[in-house]
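# Per-entry structural report
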Amino acid sequence: MPSAVEPPLTTHVSAILPTEPLLLMGAGPVPIPQAVAQANGMIINHLGPTMDRVIRNVKEMAAYAFQTRSRKIIGLAGPGSAAMEMAVANTCWPGRRVLCLKSGMFSGRLGEMAEGVAADVTYLESEVGRPVTAEQVRAALSKARYDVVTMAHGETSCGVRLVDLPDVCRLAKEHGALTVVDAVVTVAAMPVPMDEWGIDVSLTGGQKALSTIPGVSLCAFSEDAWRAVERHPGPRPHWCYDALRAHRFWGEQQYHYTAPVPGVLALHEALRLVVEETLERRFHRHEVSSRAMQAGLMAMGLTLFAQEDVRLNSVLAINVPDGVNSARMRAHLSNAFRVEISGAFGLNVVRVGQMGEQCRSHNLFKTLYALGRSFCSEGAKLDVATGMAALELGLTGDQDDFED
Ligand SMILES: *Cc1c(COP(=O)(O)O)cnc(C)c1O
């Protein structure tokens, strides 16, 4: 009997992928190294001796990336937001008092998630384009008791960094509150020493500075945080993101759910590359790359949204010059140069990523040139050549670090 549903015309479902890969220079996902892509093309049994070794390695290498001695490290099938959800849903529950430091969409999302598990959430907001300060946190903690303080180290929506993070963690500790830190755009890009700063839950996704595929993320818990996880009064709101259940797989090699095997293998390769490069050299590469890119953008005549003292190096928010249509500029950038960057949520900025493989000289030169030309084609008056010279100058002496 013929199916009642006609098959779609293949012309509608084929030819979607570009013939030449686009250079992804936005806020993520980012380009991935060949070794990561190859691992992502592989499937092995999700339970068994090989997978056991993979998981042990991933945990050990992830502990290095998180700069922690904790072995309560859980990987999960899901985006960075799923790791945020795991962090929040396992430390917050009805009646828990949560202070959410909000300076944009991502830091605010942690508060929404805490509301989702019926915690009692107070938002502490910053001025637009600035992070919440330690002074603000000190004042808030002196007025009321909190069990958990949530924050994003890098607020990707506006390119701002929570510069007072170490002090905020210290204040929270003195207060007796746990800290949940979204470090999605900062782990493996700049120092986020979990143990040294006293972070209780740190988390990241794959598609940012780790330079692997989206969809596999990591969540690291301190001893204090793990005690809270075990103390959760129940019912536990998520089954997949329940840290205790997930630890059966990530700590005891037992079945929880079928792990995203290729993604885990890809993550294993990405972390191996981090270990091989070392964090010191990787942080240096990210910093030099981002500063050179910032110098190039400004020398060209563009301005950055975040002031230098609080600027996030991993994601640069660039003000759109007067009279320029940013959507048309980005379409030109993609069509004429095969370079993609991010738009924005509300602000009149475009965003360029400086994470993982984005921080390579060939990607920097191509992106800055293409961006400058595309802005000009939409009517901006920019001095592209001067910008390119500033980029080159910014990389001088460090060039070797930028070739793969
Ligand atoms: C990208 C990002 C996330 C996670 O985003 P997903 O789309 O869920 O992977 C979380 N926090 C910050 C600060 C981010 O930049």
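First, a word on scope: everything that follows refers to the structure included in this document. (Residues numbered from 1 in each chain as written. Predicted model: local features only at pLDDT ≥ 70, side-chain atom pairs only at ≥ 80, totals over all residues. Heavy atoms only, no water.)

## Digging into the overall build of the chain
On a plain count of helices and strands, the chain comes out with 15 helices and 13 strands. A compact globule built from 404 residues should have a C-alpha radius of gyration of about 22 Å, and the chain, at 22 Å, falls within 12% of that. Taken over the C-alpha atoms alone, the chain extends approximately 70 × 60 × 50 Å along its principal axes. Counting every position in the chain, which comprises 404 residues, the buried fraction comes to 55%. Within the structure as shown, the chain displays about 17,200 Å² of accessible surface, and the carbon and sulfur contribution to it stands at 53%. Where the 37 positive side-chain charges of the chain centre and where its 43 negative ones centre are 3 Å apart. (Helix = DSSP H or I, 4+ residues; strand = E, 2+ residues; numbered from the N terminus. Rg over C-alpha atoms; globule rule 2.2 N^0.38 Å. Buried < 20%, exposed > 50% of the residue type's maximum accessible area, 1.4 Å probe, protein only. Areas by Shrake-Rupley, 256 points an atom, 1.4 Å probe, with all protein chains shown as cover. Lys, Arg positive; Asp, Glu negative; His and termini not counted. Charge placed at Lys NZ, Arg CZ, Asp CG, Glu CD.)

## Quick look at unusual backbone geometry
Note: most peptide bonds trans; most residues except glycine with negative phi. Of note, the bond from glycine 28 into proline 29 is cis; its omega dihedral lies within 30 degrees of zero at 0 degrees. Position of proline 29 relative to the elements: it lies in the loop between β1 (23–24) and α2 (34–40). Look at serine 211: it is not a glycine, yet its phi comes out positive at around 55 degrees. Here serine 211 lies in the loop between β9 (201–205) and β10 (216–221). Its identity as a non-glycine residue notwithstanding, glutamine 253 has a phi of 55 degrees, on the positive side. Structurally, glutamine 253 is set in the loop between α10 (243–252) and α11 (261–277).

## Side note on the packing of helix α13 (residues 326–337) against helix α14 (residues 361–377)
Taken N-terminus to C-terminus, the directions of α13 and α14 make an angle of 125 degrees; their axes are 9 Å apart at the nearest point. As the angle between them shows, α13 and α14 are arranged oblique. Regarding α13 and α14, the two cross each other, and that crossing is right-handed. Here α13 contributes Met329, His332, Leu333 and Phe337 to the contact with α14, which in turn contributes Lys366, Tyr369, Ala370, Leu371, Arg373, Ser374, Phe375 and Ser377. Here the contact of α13 with α14 is composed, by residue class, of 7 nonpolar, 3 polar and 2 charged. (Axes fitted to C-alpha atoms, helices over the stretch in contact; angles between N-to-C directions. Parallel < 35°, antiparallel > 145°, perpendicular 65-115°, else oblique. Left-handed = near helix turned anticlockwise from the far one by under 90°. Contact = heavy atoms within 4.5 Å. Nonpolar A, V, L, I, M, F, W, Y, C, P; charged D, E, K, R; others polar.)

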